[in-house]
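# Working through the structure, step by step
Next come the chains, spelled out residue by residue.
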Amino acid sequence: MNAPENKQQFRLVGTRPVRPDGVEKVTGKAIYGPDHVSPGMLQGAVLRSPHPHARIRGIDTKKAEALAGVKAVVTGQDFPQAADKLVAGAESASNLRWVAQKCMAIGKVFYEGQAVAAVAATSHAVAEAALKLIEVDYEVLPHVIAIEDALAEDAPVLHDDVFTQGLAEKPTKPSNASMRFAIERGDAKAAIAGAAASFTGRFTLQPVHQGYIEPHACVAQWNADGQAQIWCSSQGHFAIRAMTAGILQIDIASVRVHPLEIGGGFGGKTTVYLEPVAMLLSRKAGRPVRLTMKRTDIFRSTGPAPGAVIDITLGAAADGTLVGAEIELKYHGGAFPGANEVYSGVGGAVGHYRVPNASIVGWNVLSNIPTMHAYRAPGAPQINFAVESAMDELAARLGIDPIDLRLKNIVHPGEPSASGVPLGAIGYAEALEAAKAHPHWSSPVAPGQGRGVACGAWGNYGGPSTASVKLGEDGSVLVTEGSPDIGGSRASMAIMAAETLGVAYEKVRVTIADTSSIGFSMVTGGSRTTFATGKAVIQATEGVIEQLKDRAARTWGVDVAAVTWEDGTAVHGDQRLTLAQIAAKTGTTGGPISAEAVVDPHDFLPGFGVHICDTEVDRETGHVLVKRYTVVQDVGRAIHADYVEGQMQGGAVQGIGWALNEAYVYDRSGKLDNAGFLDYRMPVASDMPMIDTVMVEVPNPAHPYGVKGVGEVPIVPPLAAVGNAVSRATGIRMHDLPISPDRVYGLLRAAE
Amino acid sequence: MSKLLVSTTVNGDPQQFLCDPDTSLLDALREEMDLTGSKEGCGSGDCGACTVVLDGKMVCSCLVLAPEAEGRQVSTIEGVAEGNQLHPIQRQFLEHGALQCGFCTPGFIVASKALLDHNPDPSETEVRYWLAGNLCRCTGYDKIVRAVMDAAAELRQDRRTAA
Ligand code: FES
Ligand code: FES
C-alpha cells in the first residue's frame, strides 16, 4: 500500500479513518434495496417475455386477477402514452419513451426477459402463482443478436421509426444502425501509407454485465391523493424520481424517493426498471408494493455493456511517433436507441495520444438484447482494448519499449483533448514514468509467462450537486448530501468538511437525504461525486465558517473582516472562540448556523492509469492465470486513500474478468444462455493475486483538495494489459475477448 | 399448502416460525425473523452473500430449506459481534477498507469466521480458496484477503495472551 506523501501537510486529507457507515455494514444492520419493509406491504412479481422479438397481440390477466390474494395486475396498457421526452438526472439525458419500455413492454417485446406484466399479491408465492395464470398471445418475429448480423441487408429491423442519426443526408429507410458519430482530422489514410510501421487488426468483444451483487429492488407507495414514496437503492435517487415522475406523468414534488444503501452499481443503477411498475401496482392495490429482481432477470433485462467489433489501423514513424489512426467501431446498442457509449468510444479512442491524422467512425447498432447501460467508464474499455493492443504491436515492430512508445505520444498539459479543449493539470506522463520506475516493470519475466502493459484515460465529470452543513448546539457537525455512497464517499465528505472546518473527523456526521430533504444532485457516476459533491460540501462548510466568524465578531464587537478562522477557532488578536463555544451561544447570537451550497462544476480533469500484468498460460488447457498485477494511476489527490486504492483494485479486477471470462452467450433462439453467476463467470478470490497500487498525485487546481475522479479509469486499461500479456506469453495476438480457456486452447493448437 | 412450524436456535436464541415447506432458510431469516443481514445475491448458491453457519458448517442459506433448521443451531452475521463488541474480523474489515458497497460483507465475514474457527493460521492461498464461493464485485479481493490474514494474526495473538 502506498500512502501518498502529505505534500501540503493536510491534517485529514489522504488519511484512512474508519468510514462512518462501517459498523452498520460489518454487522448486517445496514438496510439495502431488498431489505426495506413498509407496513402492509404487498409482494410483487414480474412476468417476462420468453421471446427475443415478438408482437403482443393481447394479454389476458383475468384468471390472475381472480386468484385469492392478488391485489393488482398491470401491463403495458397501464402506462401513460409515452411520447419522446428527454429527462436529465443520469449521466446523459434519457428518452422516456424508451425508458418506459425497459420497465414494461408496450405492444412489442424487443428482448428475452423484457417485462410484459406484473402482479402484486399478499405473498410472494401467490404473486408467482398468479404470473402463471397470465396468458400472453405473442406473434413471434425474427430476431437478431450479433452486431454484424444486425447490420446485414436482410436483418430484421427493430424499429420502423428509427433512422440512422449523424449521416450527412437523412436516410430514407429505417435501420438498426441508430447513430453514427465520427471524428476526422488530417488525412489518416495517406499518413498511414507513409508510416514506417503500421498495424491493422479487427478486435471483437461480447456484451458484459456490471455484475453488482445486490439485485434491483424497491418498495413503492402511491396514495389516492397522488402523493408517492419510493424506497430503493440506486446511484441517484433524483434520477429515479425524474424518470418515474416523467413516465407516470406526475409532479416531481409528489414523488419522494428515499435512498437505501446500495450494493454496487457501476453505472447500472442509474435508471429505472422496477420503480414505475411498483408505483402502478401500488396505485391499483392501494398498498405499498415491493419488487425485487431475480439474478436471471438482472442478466436478461438490465443494462449490459456493449459488445463491439472494432477495425483499427495505427501508423507510426520509425522513432515511434504516431502519424495516423483509422478506426471504425461498432458497438451494441441493445433494443432501444439512446446508448451513448459510441460517443466516448470515438472521443476517447486515441484521446490520450497526439495523433495528427485520425479518422474514427462509430456506430450504435440495435439488436434484440437489453438496451446498453453505463458500466464504469462506459464505452472506453472496448476501444481501449483495440488501441492499446495495436500500440503493443507497434512497439514490438519498431523495437521500442512499450512504455517509452506511450511516453513518446502521450498528451501533455496544455495540449488539446479529443474535443479540442486544452487539457489542464493532467498526470499522464507522471503515471507512465511511475510505471516505468516500478519494480514490477524492471523485474525479469518468469519463464513461461508474458508481461503486458496498457494505459488508458477517462474524462471524469462534474455536474450538479447540493449539500448542506449544519452545526449542532454542541459544536458537532452535520453534513447532508444527495449522492448515494457506493464505495466510501461519506468518509470522503466527512474528511473534506472536517479538514475545511478544522475539527476532528469524528465530529462530522454525514447523511444522504431523500429527494424532498436536500436539493438536486446528479447520479453518483462518471467519477463525479468526490469532486462535485465534495465541492458542494466544502462550499457549504465555508458558508458555515463565515457565519461562525460573524458570530465571533459580534460577540467581540469587532468588524468580521478582522476575524480569521484557524484550526476550528475564530481568532481576533489574542481573542479566541472555539467552534464549540460559538455553537453553544447560537441561541443568543442570531439562531442556528447552517449553510447550503448548490454547485455545477465543469472544471474536472481526466484521470489516467497504467496497468502492468503478468500472465501464465497453461498450454495444455488454455487456462490463463494472472500472476502479478500493478495499477498506477493519477488520482489527483486521494481524500481517503483506502477507498481510492479500492477503486483501482476493484476496477482492475472487473477489467480482468472482462478480459478472461465474462461474456453474454446467446443461443440460436436469441435467449441468454448464461444468465447466472455460475455460467457468467466473474472473478473470485482464488483467481486473483494481490493488486498492487501506486497513487500518483497530480492535483486538480480547480478543486480545493485537488480531487480528480478515480472510479472509472481503472477498468479502461486491463483488457489490453491482459491481452498484451497473453499475446507475449503465447506469441499469438489476442484479438477476441474473452480470452477463455477454449479460445486460447484453439489458438495454441492452430499455431502448432 | 399448510404452513410448517419450525423451532430452531439462531445466534443462541430460541426461534419459532411458520413457513411453507419450500421456503429457503434465507427467506425465513430475512422475512420471518427480520434478520436481513444475510443477503440474497443469486438464490442459487453462486455468490455466498447468504452465508450462515448451520451446526458448525458453513452453508449457503439460499440452498437450505427452512424446515431443515428444525432443532439445529444457526449462526448469522447478526451474531458475529458480541453485543457492541466487534469481532476482530469485523474490525479488520473496517480498518482495511475491505468493503466498498458492503453488500457482500456479511457473507464474507461469516465465511471468514468459519475459516478461522477451524484454521487459525491460513496461508493467503487457503484464504483465497476458502472465500472463492463469495463474490465481491467492488474490491478485487485484495483488501478482504489482507483483512482476514490480519484478523487471523490478531486472534492468534489473543489466544497466546489468554493462554
Ligand atoms: S444468495 Fe445464496 S449463494 Fe447467492
Ligand atoms: S463490497 Fe460491494 S460486492 Fe463486495
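Residue and element names in this part refer to chain A. Looking at the assigned domains, one finds that chain A contains domain 1 (39-141 + 216-292), domain 2 (304-460 + 605-751) and domain 3 (462-599). Relative to domain 3, the C-alpha centre of domain 2 lies at a distance of 39 Å. Between domain 2 and domain 3, the contact holds 15 residues from the first and 16 residues from the second. Carbon and sulfur atoms make up 65% of the surface buried where domain 2 meets domain 3, a total of about 1200 Å² over both sides. Counting the surface domain 2 buries against domain 3, the share from its top three residues, Ile 639, His 703 and Tyr 705, is 40%. Where domain 2 meets domain 3, there are zero salt bridges. Remark: the boundary between domain 2 and domain 3 carries four residue pairs in polar contact (both at pLDDT 80 or more). Residues that form the side of domain 2 that touches domain 3 fall into these classes: eight nonpolar, six polar and one charged.

Residue and element names in this part refer to chain A. Along the chain, the position of Thr 515 falls in the loop between β23 (508-512) and α16 (529-556). On the accessibility criterion, Thr 515 (5% relative accessible area) is buried. Among the polar contacts made by the side chain of Thr 515, one reaches the main-chain amide nitrogen of Val 257 at a distance of 2.8 Å. Residues contacting Thr 515, with those up to four places away along its chain left out, are His 237, Phe 238, Arg 241, Val 255, Arg 256 and Val 257.

Moving on: the domain arrangement of chain B. All names here are of chain B. You can read the domains of chain B as domain 1 (4-79) and domain 2 (88-162). Here domain 1 and domain 2 have C-alpha centroids that lie 22 Å from each other. Taken together, the contacts link 14 residues of domain 1 with 12 residues of domain 2. Between domain 1 and domain 2 lies a buried interface of about 1000 Å² when both sides are counted; carbon and sulfur atoms form 71% of it. Linking domain 1 to domain 2 there are zero salt bridges. Where domain 1 meets domain 2, there are three residue pairs in polar contact (both at pLDDT 80 or more). Counting residues per element, the side of domain 1 that touches domain 2 draws most heavily on strand β3 (residues 51-54), at three residues.

Residue and element names in this part refer to chain A. Look at helix α12 (residues 402-409) against helix α13 (residues 428-437): their axes get within 10 Å of each other, and the N-to-C directions meet at 165°. Taken together, the axes of α12 and α13 are roughly antiparallel relative to one another. For the element pair α12 and α13, the recorded crossing hand is left-handed. Seen from α12, the contacting residues are Ile 403, Asp 404, Arg 406 and Leu 407; seen from α13, they are Ala 429, Leu 432, Glu 433, Ala 435 and Lys 436. Classifying every residue of the contact of α12 with α13 gives five nonpolar, no polar and four charged.

A few words on the environment of Pro 370 of chain A. All names here are of chain A. Looking at the secondary structure, you find Pro 370 in the loop between β19 (357-366) and α11 (380-398). Through-space distance from the C-alpha of Pro 370 to that of Gly 573 is 66 Å; in sequence the pair is 203 residues apart. Once residues within four sequence positions are removed from consideration, Pro 370 is found in contact with Tyr 111, Phe 299, Arg 300, Ser 301, Thr 302, Pro 304, Gly 334, Ala 335 and Tyr 666.

Bringing the sheet that holds strand β21 (residues 465-471) of chain A into the picture now. Strands in a sheet are paired, the pairing made by backbone hydrogen bonds, and the direction either parallel or antiparallel. All names here are of chain A. Strands sit in the order β23-β22-β21-β27 across an open sheet of four strands; the sheet is mixed. This sheet does not close on itself; its edge strands, each paired only once, are β23 and β27 (594-599). When strand polarity is set aside, the average angle formed by the axes of neighbouring strands in this sheet is 15°. As defined by bridge partners, strand β22 (residues 477-481) adjoins β23 across five bridges and the pair is classed as parallel. If you follow Thr 480 over to β23, its bridge partner there is Thr 511. Packed onto the sheet, helix α15 (residues 489-501) meets β22 and β23 and runs at close to 135° relative to β23. Strands β21, β22 and β27 of the sheet are contacted by α16, whose axis makes an angle of about 145° with β27.

About the thresholds
Residues numbered from 1 in each chain as written. Chains lettered and ligands numbered in written order. Predicted model: local features only at pLDDT ≥ 70, side-chain atom pairs only at ≥ 80, totals over all residues. Heavy atoms only, no water. Domains from an automatic or database assignment. Contact = heavy atoms within 4.5 Å. Buried area = accessible area lost by both parts, 1.4 Å probe. Salt bridge = Lys/Arg side-chain N within 4 Å of Asp/Glu carboxyl O. Polar contact = N/O pair within 3.5 Å; in protein donor to acceptor, adjacent residues only side chain to side chain. Nonpolar A, V, L, I, M, F, W, Y, C, P; charged D, E, K, R; others polar. Helix = DSSP H or I, 4+ residues; strand = E, 2+ residues; numbered from the N terminus. Buried < 20%, exposed > 50% of the residue type's maximum accessible area, 1.4 Å probe, protein only. Axes fitted to C-alpha atoms, helices over the stretch in contact; angles between N-to-C directions. Parallel < 35°, antiparallel > 145°, perpendicular 65-115°, else oblique. Left-handed = near helix turned anticlockwise from the far one by under 90°. Pairing = 2+ DSSP bridges.

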